[in-house]
Amino acid sequence: MTGHSEKPSRVVEGQGARSTATETYRASRRGSEHRATQPFDDVAGLSECPKVNLLDLDQPQLATFFAELGEKPFRAKQLMRWMHHFGVSDFGQMTDVAKTLREKLGAMAEIRPPEVKLEQISDDGTRKWLIDVGAGNGVETVFIPEEDRGTLCISSQVGCALECTFCSTGRQGFNRNLKVSEIIGQLWLANKSLRQADGYDMLPPRERIISNVVMMGMGEPLANFDNVVTALNIMLDDSAYGLSRRRVTVSTSGLVPAMDRLRDECPVALAVSLHAPNDALRDQIVPINRKYPLAELMAACRRYLEKAPRDFVTFEYVMLDGVNDTVEHARQLLNLVKTVPCKFNLIPFNPFPNSGYDTCRPENIRRFRDVLMQAGYVVTTRRTRGDDIDAACGQLAGKVQDKTRRTHKLILEAAA
Ligand code: SAH
Ligand code: SF4
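These numbers come from a predicted model, not from an experiment. (Residues numbered from 1 in each chain as written. Chains lettered and ligands numbered in written order. Predicted model: local features only at pLDDT ≥ 70, side-chain atom pairs only at ≥ 80, totals over all residues. Heavy atoms only, no water.)

## Considering the overall build of the chain
- Across its full length, the chain holds 13 helices and 14 strands.
- Looking at the 416 residues of the chain, the share that counts as buried comes to 55%.
- A separation threshold of at least 6 residues defines the contact pool for the chain, and within that pool the share at least 24 residues apart is 67%.
- Put simply, the chain shows about 18300 Å² of open surface, and 50% of that area lies on carbon and sulfur atoms. (Helix = DSSP H or I, 4+ residues; strand = E, 2+ residues; numbered from the N terminus. Buried < 20%, exposed > 50% of the residue type's maximum accessible area, 1.4 Å probe, protein only. Contact = heavy atoms within 4.5 Å. Areas by Shrake-Rupley, 256 points an atom, 1.4 Å probe, with all protein chains shown as cover.)

## A closer look at the site of ligand 2
- In the neighbourhood of ligand 2, the contacting residues comprise C160, L162, E163, C164, C167, G170, G219, E220 and S253.
- Among the residues making up the shell around ligand 2, the classes are represented as four nonpolar, three polar and two charged. (Near = heavy atom within 4 Å. Nonpolar A, V, L, I, M, F, W, Y, C, P; charged D, E, K, R; others polar.)

## Things to note about the side chain of E220
- With respect to the helices, strands and loops of the structure, E220 is situated in the loop between β9 (212-215) and α7 (225-236).
- No salt bridge is formed by the buried E220. Its closest oppositely charged neighbour is R282, at 8.3 Å.
- Separated by 3.1 Å, the side chain of E220 and the backbone nitrogen of L222 make a polar contact.
- Within the structure, the side chain of E220 is placed 2.9 Å from the backbone nitrogen of S253, a separation counted as a polar contact.
- For E220, the residues in contact, after removing those within four places along its chain, are S156, Q157, C160, L162, S251, T252, S253 and L255. (Lys, Arg positive; Asp, Glu negative; His and termini not counted. Salt bridge = Lys/Arg side-chain N within 4 Å of Asp/Glu carboxyl O. Polar contact = N/O pair within 3.5 Å; in protein donor to acceptor, adjacent residues only side chain to side chain.)

## A short note on the nonpolar core
- If you look at the biggest cluster of nonpolar residues, it comprises 115 residues, and the most contacted ones within it are L54, F65, M235 and F315.
- Grouped together as the second largest cluster of nonpolar side chains are six residues, V142, V214, M216 and A271 included. (Core = buried A, V, L, I, M, F, W, Y, C linked by side-chain atoms within 4.5 Å.)

## Let's talk about helix α4 (residues 99-108)
- Within α4, the full set of buried residues consists of L101, K104, L105, A107 and M108. Around the axis of α4, the buried residues are gathered within 160° of arc, so they sit on the same side. (Arc of directions from axis to C-beta.)

## What about the pattern of salt bridges?
- One pass over the full model with this rule turns up 17 salt bridges.
- Here E363 and R361 are joined by a salt bridge, their closest N and O atoms 3.4 Å apart.
- Residues participating in the shared-partner salt-bridge network are R263, D264, E306 and K307.

## Some remarks on the sheet that holds strand β13 (residues 342-348)
- Taken together, the 10 strands give an open sheet; going across it, the order is β3-β4-β5-β6-β9-β10-β11-β12-β13-β14, and neighbouring strands pair in mixed fashion. Looking at strand neighbours, the two that pair on one side only are β3 (115-121) and β14 (379-381), the edges of this open sheet. Neighbour-to-neighbour, the strand axes of the sheet open up by a mean angle of 20°, direction not taken into account.
- Relative to strand β10 (residues 248-252), β9 runs parallel, the two being bridged by three bridges. Note on β10: the bridge partner recorded for M215 is V250. (Pairing = 2+ DSSP bridges. Axes fitted to C-alpha atoms, helices over the stretch in contact; angles between N-to-C directions.)

This is the structure in structure tokens:
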């Protein structure tokens, strides 16, 4: 289920670095093994190749890219700072990069964030961007300002294949994984827009408007593993955004093998979408549970905590009226999580047309919360933010053309 980030190919043995850079660049852009003989400095012929988008690369990948150009590794750090720290997309503005190199870069590479279709600003300061991801599809990114932090909620896929029954993304079906440049591009765009709103063009060093990132927008981040991890690396990179691991959260519906990989490759804070305290109910509302049932999921959480930057997992629990919201459910939940250090985040269900679910009454949410709190747990109930622009994290709509023939399947099921 994982996607692939575009990585520059390695230097071909037996050739000089300069001509090899041209060759591997050309070959990687064409997807061919053909070897060119033109020296690198002759950039004229490169114009017919699609340019490599440097927003797709993390620092080690960028270092490989520069090595292939015969450039020193420190160039990667320089470029990361210009692109991500200062939000620059024009090589011409990179004043400490030699003019000849800027020209080479201009000929073969680009810094291209995705396009914003629409930006909305709520009365409470919440901002939402609808990002154009081509073919009529859109995903959403939301910024939620709070007194002590600014959180950006990022999407990882166009749609989602996991079919949770209460989720409008899950109902829409799956179209494709987002590329690294489309994932990190959401942070890039949001930073730029917030900076401009503050009257800055480039961000003064050390000022961080966005202090936290949550992968809770559209899609299942761990189903787009490689691209998400590359984007996480860029978020954490001190030359780029320098975010703390503790302040970057991946939310998953429970893809157990990918949770183990994340633990080993890029442990950040973890949120797990639980939503039910027993397998019978979770099988129905979070269908991936049939593959990775609760006992396996709890074991994966325990393994994750061995390397996690925080000493707890956050369990998300959407409150569905009359489905998972009784005192008995709360008690079962306490029993389920007793071996996993955790906090709870109760999410009022955000209704959408024909969902088949109702929003829980506030007194029922309070009753549920009190059972957990009386057992000593920290429980937060997600506040609704940006109501006027429909910006509740976790149910970002966007627009998706399903490629899984879901609609067809639903019609067949309805007819059966
Ligand atoms: N796919 C990941 C992350 C995206 S969804 C996951 O499932 O964890 C982020 C959160 O919003 C999840 O906990 C998800 O279950 C929740 N969510 C989805 N639809 C919702 C809705 N209609 N109302 C409230 N929360 C919802
Ligand atoms: Fe996908 Fe998460 Fe929605 Fe489930 S809740 S369908 S995993 S986006």
